[in-house]
Amino acid sequence: MANRSDVKKRITALRGEIARHDQLYYVEAAPEISDKKYDGLFAELELLEQERPDLVTPDSPTQRVGVAPHTGLEKVSHIAPMLSLDAVRNEADVEGFLARIRTETGEDEAVIWAEPKFDGLSVEVVYENGHFDRASTRGDGRTGEGIGHTLRAARALPLRLRHPKKMPDILVVRGEALLLVKSFQKLNRARVERGEEPFANPRNAAAGLVRRLDPAGAEAIRFAVTFYDATGLSIQDAPTQETLLKQLEHQGLPVFGARARCVSMENIRAFHKRLMEARDQLPYEIDGMVLKLDDRAARENMGTRARSPRWALAWKFEPRHEITRIADIAVSVGRTGALTPVALLDPVDVGGVTVARATLHNPSEIRRKDLRVGDTVRIERAGDVIPEIVGRVDTPGQKRGDVFEMPKMCPACGAELEMRGRKAQCPAGIACPAQLVGRIVHYAARGAMDIDGLGEKTASQLVERGMVKTLADLYDLSAENFKTLEGFAAKSAKALFDAIQNRTKVPLDRFVWALGIRHVGSDSARQLARAFGSLKALRDASEDNISAVLNIGPKTAASIVGFFAERRNRDVVDRLLAAGISPQPIEKTGSTLADKTFVLTGALAGWTRAQATQEIERRGGRVTTTVSDETDYLVVGERPGSKLEQAKRHGVKTLDEADFRKLLGQGG
Ligand code: IVH
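Residues numbered from 1 in each chain as written. Predicted model: local features only at pLDDT ≥ 70, side-chain atom pairs only at ≥ 80, totals over all residues. Heavy atoms only, no water.

This next bit is on the overall build of the protein. If you tally the helices and strands in the protein, you get 23 helices and 22 strands. Projected onto its principal axes, the C-alpha coordinates of the protein cover approximately 80 × 70 × 60 Å. Here the protein holds 668 residues, and the buried ones make up 47% of them. A sequence separation of at least 24 residues applies to 67% of the contacts in the protein between residues at least 6 apart. Put simply, the protein shows about 32300 Å² of open surface, and 50% of that area lies on carbon and sulfur atoms. Positive and negative side-chain charges of the protein, numbering 99 and 93 respectively, have mean locations separated by a distance of 1 Å. (Helix = DSSP H or I, 4+ residues; strand = E, 2+ residues; numbered from the N terminus. Buried < 20%, exposed > 50% of the residue type's maximum accessible area, 1.4 Å probe, protein only. Contact = heavy atoms within 4.5 Å. Areas by Shrake-Rupley, 256 points an atom, 1.4 Å probe, with all protein chains shown as cover. Lys, Arg positive; Asp, Glu negative; His and termini not counted. Charge placed at Lys NZ, Arg CZ, Asp CG, Glu CD.)

Right, dumping it as structure tokens:
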């Protein structure tokens, strides 16, 4: 038996080796050894650690696997909202952006960094005191889902920063989780062999896999993560995008791809062209280029819109085109009863993604484009949207099918169809099995009731077998009932039962959205929940009261009142409440700043702009980006911009950071 210090040395060496190969694989996408060799190193380390458990440390690569399966993804609040990007497709819009940057910064040669726009899943990762602590998806921008367990198991990230002392105690980095194209192809081949549905594209695959509850097996799937932003790094420590990314790289955090420093439209155009040409050779998918103002203090002055910063822009690539044939036209029934014709295509690869279906929207669209079975068509896949048929490719002598006729009866339930505008509609409501399935899937969806394991396949079986006739019936089913369904065993049946029964305390807005009321999207549901505070108040509200809520139009108001006026719906809601569902009002810290309008300028030492905004909004206040007579306060940080002058002109009260803190009630 080897002596103590030898074992220790070997363990340290193995960990170093493994870390190096992870780096080569994920960061440089240039592995030096085969997967088999890698697994060999890993197995040796595991063996040694089994013999010497006292030498196991939490950041050993072996500790990445074996995380207990989660029973539901945990909710993780983002430290600051995760924003999205404004996207454009043409040069004129990019020029407009450049002009705006120049005017607002007052610099004709303002530096802009151009980076690839990675086509994956946005993720946030938090390192605490240099150790990987948690990771989450974007979710709704404020709250995401914990995915640390799968990222850990997939060895996608360093568990420890290289130079933690140079970093803040809490470092929040943001980036994109990607599935390398090669892994995606391998994974899809395996899925098809098992008779499973292949993933549509690497992004969907990454999103599905990263959210798996059970990380076992994740180590076999090679995710990669690349970072492009950090909110934990102060402006003093990383004044520009360039320094920020360099620091992340210095810490061993993966930052993929080429980037370019641009000061002119020519620079930007050249890099766009270079990226487009490189696109097909890259080991991961990109769908455009991102432009970012380099100077982080200047960014703070430009501010953000509701969902996207004003200092950044995505210049997306042109969508990809391909030619194929319409093999058939089917009609699908959605959860609201709307019928949509769908073209079933001869499967074709469009930029690495197999496309076999395309929506045809409605019968008049089919007529306008004169599409028939047998036609050769040009299809387009634009980034994340469903493939579209752009038009017919004339092929003389080709045999064409008959002109498409919409059925007169619902293909799912046989009810006679009605026309609602251009769309045919099945009037049967939840008496139509297709609509009921759609409602159940929507009810259980992430963002709604979030019931894991209740997808389309399960919902269809529940409806087909008559086990569920309304949403409320879900709560009468036992684990034994679920066990009778195809694809379920005792354990999964119990898990689904628990998932349904345990999701009782849900935020009011999610419950309202889950009900699937026509025209009520998740944003309107949130507004309604804020405004009415309880389900009862919303149920009793008049159309006028509802349309008085910010951003809620008369159509939505009428739909809500109509929904609750219907006995069947009222009964279902009552039964859901009786089953224990208890919608929770949206939390507010108070209303001490109700109706007060703020503008922020300059960098605050203790907060990011997003955090300050959040604190104001939680107290009922509003943050805007321009100073006017309506502005109540201007919060002034370091290096304030022209807004300070404007505030003086408008006689707006200014607050320094200490005043602001006091106003928030956080002491002097
Ligand atoms: S920066 C506040 N940089 O694109 C700025 N985003 O369509 C936030 N994305 O939500 C984003 N590559 O998930 C940034 N180099 C890059 C990116 C990038 C891909 C994603 C990101 C974002 C989405 C917007």
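There is more to say, and it comes next.
So, on to the site of the ligand. Taken together, 14 residues sit near the ligand, with E115, F118, R138, E176 and Y228 positioned nearest. Y228 has a polar side-chain atom sitting 3.0 Å from an oxygen atom of the ligand. Take K292: an N or O atom from its side chain is 3.0 Å from a nitrogen atom of the ligand. Contact with the protein chains hides 90% of the accessible area of the ligand, taken as 530 Å² for the molecule alone. For the shell around the ligand, the elements supplying multiple residues, two or more each, are β3 (112-118) and β10 (286-293). It is β3 that provides the largest number of residues to the shell around the ligand, a total of 4 residues. For the shell around the ligand, a count of residues per class yields 7 nonpolar, 2 polar and 5 charged. (Near = heavy atom within 4 Å. Polar contact = N/O pair within 3.5 Å; in protein donor to acceptor, adjacent residues only side chain to side chain. Nonpolar A, V, L, I, M, F, W, Y, C, P; charged D, E, K, R; others polar.)

The next thing to look at is the pairing of strand β15 (residues 376-381). Bridge count for strand β12 (residues 320-333) against β15 is 6 bridges, and the pairing is antiparallel. Bridge pairing in β15 links H321 to E380. When β15 meets strand β16 (residues 388-392), the two strands line up antiparallel, connected through 4 bridges. When the bridges of β16 are listed, I379 appears paired with I389. (Pairing = 2+ DSSP bridges.)

This part takes up the environment of I586. With respect to the helices and strands, I586 occurs in the loop between α20 (567-578) and β19 (597-601). With 55 residues separating them in the primary sequence, I586 and A531 have C-alpha atoms 9.7 Å apart.

With that out of the way, let us pick up unusual backbone geometry. Residue H361 is not a glycine yet carries a positive backbone phi of 65 degrees. With respect to the secondary-structure elements, H361 resides in the loop between β14 (353-359) and α10 (363-369). For R639, which is not glycine, the phi torsion reads 50 degrees and is therefore positive. Looking at the secondary structure, you find R639 in the loop between β21 (633-636) and α22 (643-650). Classification of R639 as exposed rests on a relative accessible area of 55%.

Quick look at the packing of helix α19 (residues 554-565) against α20 now. The contact between α19 and α20 brings their axes to 5 Å, and the two run at 75 degrees. Relative to α20, α19 is oriented roughly perpendicular. For the pair α19 and α20, the contacting residues are F563, F564 and A565 in the first and R567, N569, R570 and V573 in the second. Tallied by class, residues from the contact of α19 with α20 come to 4 nonpolar, 1 polar and 2 charged. (Axes fitted to C-alpha atoms, helices over the stretch in contact; angles between N-to-C directions. Parallel < 35°, antiparallel > 145°, perpendicular 65-115°, else oblique.)

Right, let's talk about the sheet that holds strand β9 (residues 260-262) for a bit. As summarised here, the arrangement of the 5 strands in space is β2-β11-β10-β3-β9, forming an open sheet in which the pairing is mixed. The sheet is open, and its two edges are formed by β2 (87-88) and β9, each paired on a single side. Relative to β10, β3 runs antiparallel, the two being bridged by 7 bridges. In the strand pairing of β10, F118 is matched with I286. Across the sheet, helix α3 (residues 91-105) lies against β2, β3, β10 and β11 (312-316), angled at about 165 degrees from β11, the strand it touches most.

Taken together, 4 strands build an open sheet; the order of strands is β20-β19-β21-β22 and the sheet is parallel. The sheet is open, and its two edges are formed by β20 (622-624) and β22 (653-655), each paired on a single side. Taken pair by pair, the neighbouring strands of this sheet meet at an average axis angle of 35 degrees, ignoring direction. Inspection of the sheet shows β19 paired to β20 by 3 bridges, in the parallel sense. Its bridge partner lying in β20, F598 is registered against V623.

Glancing now at the nonpolar core. With 54 residues, the main nonpolar core has Y443 and I451 as its most contacted residues. Within the residue set of this core, elements represented by two or more residues are α11 (433-444), α12 (456-464), α14 (490-502), α15 (508-514), α16 (522-532), α17 (535-540), α19 and α20. Within the second largest apolar cluster, 37 residues are counted, among which are Y127, L157, L171 and F199. (Core = buried A, V, L, I, M, F, W, Y, C linked by side-chain atoms within 4.5 Å.)

Before going further, it helps to examine the pairing of β12. In terms of strand pairing, β12 meets strand β13 (residues 338-350) through 7 bridges, oriented antiparallel. Of the residues in β13, the one forming a bridge with S332 is T340. Taken together, β12 and the strand that follows it, β13, pair antiparallel across an intervening segment of 4 residues, in which G337 is found at a positive phi of about 90 degrees.

Among the structural elements, L371 can be located in the loop between α10 and β15. Residue L371 is classed as buried on the basis of its relative accessible area, which comes to 3%. Between the alpha carbons of L371 and I326 there is a distance of 8.5 Å; along the sequence they are 45 residues apart. Apart from residues no more than four positions distant in its own chain, L371 is found in contact with I326, L360, I366, V377, I389 and R392.

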